[in-house]
Amino acid sequence: LAADSLSPLVQRCTVPQSLYRDMIQAKIDSLLFSEESMLWLKGSLGLQPNHSLEWEARIFVKSILKILQEENVLRTPDLLKDLGDDVPTEKEPINIPKRMLPVGGHRHFTDGERVVDLNDPSMNAWHFRVAKYLAFCFDGGLCGPRLALMDLVCEFISTPQSQKKIDEVVMFLLHIRPKDFTQPFLGVQLRFLVHDPNLFENNIFNDRVMHGLVELGWFEQALLRGDSKRNGHAESSAIEKYAQFLARLLECKTASINLKAAVCRQIMKCYNRVPDGGSDDSMRAHFGVLCQALMEMVRQSTIYLRAYATLTLANMASAEIVQFEIMKMSIIDTCITNLKSSDDDLIRYTLVLLTHLTKSLARVKEMDRAGVTDVVLILLEKTPSMASKQPLLAELAGVVGQLCNDDDVWKKMCEHPCQPVEKLMALYYSGPQGGRLRSKAVFALKMFVDRPKQHGAVKREAVATLAKTILEDLAAGCQEELLEKKNAKNEGLPKPEANPQNLDFAANSILLLGSLSKSAAICSMIAKNKNAEAVLTNLTFAEIGQVDSTRDKLQKLLHRVSEAVKHDRQVTGSPRVREARP
């Protein structure tokens, strides 16, 4: 092999190299290749484990499928026939791997019992590789995409005996065992494993199977299944154990990047789910144990995992208890570090997290002292208004608006050399009509101008020049809503729900125009826009006009504009005809 590496027979890259098939076959028979490598070797070179290994794997898979068939949960019954009519089945599939053990340095299969040295490291290592091979065979290795891990963890198995057999198989395939191969695999049940605080410090496992089980939510199902009565206390206890289990997975140094990303997705899925009992505060409280693990990921992991962990924290930060926990862990310094990175996703998720944290005035002051305000404004100045950056800029504008809640921070931002108001106006023009970027820009501008005393650096008259474009956007959104309702009525369909993005933009626009219209001069400017009164009148009949938070403000804005129109008629002597509502 060394000679061939130094002086190969084939020295042209366009010609296939010499393959030592015997050496490759020996490694395949020893199960030393990864699952992806075994698929490639089978498809490209036609190499696969010897017949004895594959025969036992077929018996193992078919025995499991037989159990699933008896429970009427097998998706594809034809798989039993495809595995081979001559392949037998066993009532206890877990016994099959026990006979797939090396004897005298060779793999030997026998139906008889034999004495095995449980402290033999080579035997235990082989046992670990057998578990990985059988998991690979079940999860696409034998039957392709027609059979996957999701078929094994079906939650509709009614017979306790069958469920016990399936759980034993799952735990074997997962194969959580000590790192020291002189110790045997014990196959401890999950409900006992979750109590070990050092579970993943002292043990290894099949990362591929763990990834699949996390994505499928099997661990939560298994823990809840152990509580037969399923009362509120038992369910809360199971979810607490599940949260601790996920936290240990995040802290596990041997877990793959994809596995940790899957854990983050599962946390967000579980955290945002409202239990059947009603309030989810008690359930969400258990996920406080995840904050420390997520914070460690944000600080020490790769950009990919930092972004995932930040997004998970942003989802969890809607709860006050989570905000309190992460503030104690110096989240502000971590956010500043993230904002200075060059990854758009990481920056955007950090801004979403800051949006939650800036809802408290005390935290806004603390963030300003730490330097968040300067970092945010510099980011606003330096980020270009290209299409790919608009989701980030929308979140950035929202954070700038939230920071304006504090008077001292508002004054500091007004005097900042980056001129945030002018930048926000430019962002509005660069965003799509009625889109999220325009909505957040209007929100931030409203926070700048809605003050008892006007700041010298923030001219309301300059902001009021946006009124024409804002009214055009409102008219377009209103027309779109009325058209959808008309089409639904003609087709006999139920009344369509309003677009949340359009509602958000309309609400922020009404608040901004309402704030600007408090000045008689600016209100007159707004009224001089073509169809301003008609657009506002139409809005009162639209969905936004029925929302409690905006209905009264819209009526006041319409009244001011109507009065300004009347005054304009009296002064100019030229009547203005208000267009009828469509």
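Located above this text is the structure these notes cover.
Owing to the predicted nature of the structure, the values given are computational and were not obtained by experimental measurement.

About the cut-offs
- Residues numbered from 1 in each chain as written.
- Predicted model: local features only at pLDDT ≥ 70, side-chain atom pairs only at ≥ 80, totals over all residues.
- Heavy atoms only, no water.
- Helix = DSSP H or I, 4+ residues; strand = E, 2+ residues; numbered from the N terminus.
- Contact = heavy atoms within 4.5 Å.
- Areas by Shrake-Rupley, 256 points an atom, 1.4 Å probe, with all protein chains shown as cover.
- Buried < 20%, exposed > 50% of the residue type's maximum accessible area, 1.4 Å probe, protein only.
- Salt bridge = Lys/Arg side-chain N within 4 Å of Asp/Glu carboxyl O.
- Polar contact = N/O pair within 3.5 Å; in protein donor to acceptor, adjacent residues only side chain to side chain.
- Patch = residues over 30% accessible without salt bridge, like charges linked within 9 Å, V, L, I, M, F, W, Y side chains within 5 Å.

## A look at the overall build of the chain
- Counting its regular elements, the chain contains 33 helices and four strands.
- Here the contacts in the chain between residues at least 6 apart in sequence split such that 71% fall between residues at least 24 apart.
- As displayed, the chain has an accessible area near 28,900 Å², and 52% of this comes from carbon and sulfur atoms.

## Let's talk about the environment of Asp-86
- Within the secondary structure, Asp-86 sits in the loop between helix H5 (78–82) and helix H6 (95–98).
- When the C-alpha positions of Asp-86 and Ile-59 are compared, they lie 9.9 Å apart, and in sequence the two are 27 residues distant.

## A look at unusual backbone geometry
- Look at Ser-330: it is not a glycine, yet its phi comes out positive at around 60 degrees.
- Its relative accessible area of 39% is what places Ser-330 among the partly exposed residues.
- Located in the positive-phi region is Gln-419, a residue other than glycine, with phi close to 55 degrees.
- With respect to the secondary-structure elements, Gln-419 resides in the loop between helix H25 (407–414) and helix H26 (420–430).
- With relative accessibility at 46%, the residue Gln-419 sits in the partly exposed group.

## Quick notes on the pattern of salt bridges
- Evaluation of the coordinates by the stated rule reveals 25 salt bridges.
- Residue Arg-438 is joined to Asp-473 by a salt bridge in which the shortest nitrogen-to-oxygen separation is 2.5 Å. On the criterion of sequence distance, the pair formed by Arg-438 in helix H27 (residues 436–449) and Asp-473 in helix H29 (residues 467–490) is long-range, its members being 35 residues apart. The same class applies to Arg-438 as to Asp-473, namely buried.
- In this structure, Asp-450 and Lys-518 form a salt bridge, with 3.7 Å as the shortest nitrogen-oxygen distance. Residue Asp-450 is found in the loop between H27 and helix H28 (460–464), and its partner Lys-518 is found in the loop between helix H30 (500–516) and helix H31 (520–527); the two are separated by 68 residues along the sequence.

## What about the side chain of Asp-29?
- Mapped onto the elements, Asp-29 comes out in helix H2 (residues 21–29).
- Take Asp-29: its relative accessible area is 12%, and that puts it in the buried class.
- One polar contact links the side chain of Asp-29 to the main-chain amide nitrogen of Asn-50, over a distance of 3.0 Å.

## Describing a nonpolar patch on the surface
- Taken together, the side chains of Leu-186, Val-188 and Phe-192 define a hydrophobic patch exposed on the protein surface, amounting to about 310 Å² of accessible area.
- Tracing the backbone through its elements, the reader meets Leu-186 in the loop between strand S3 (177–178) and helix H10 (190–193).

Function-wise, these values are silent; they only describe arrangement.
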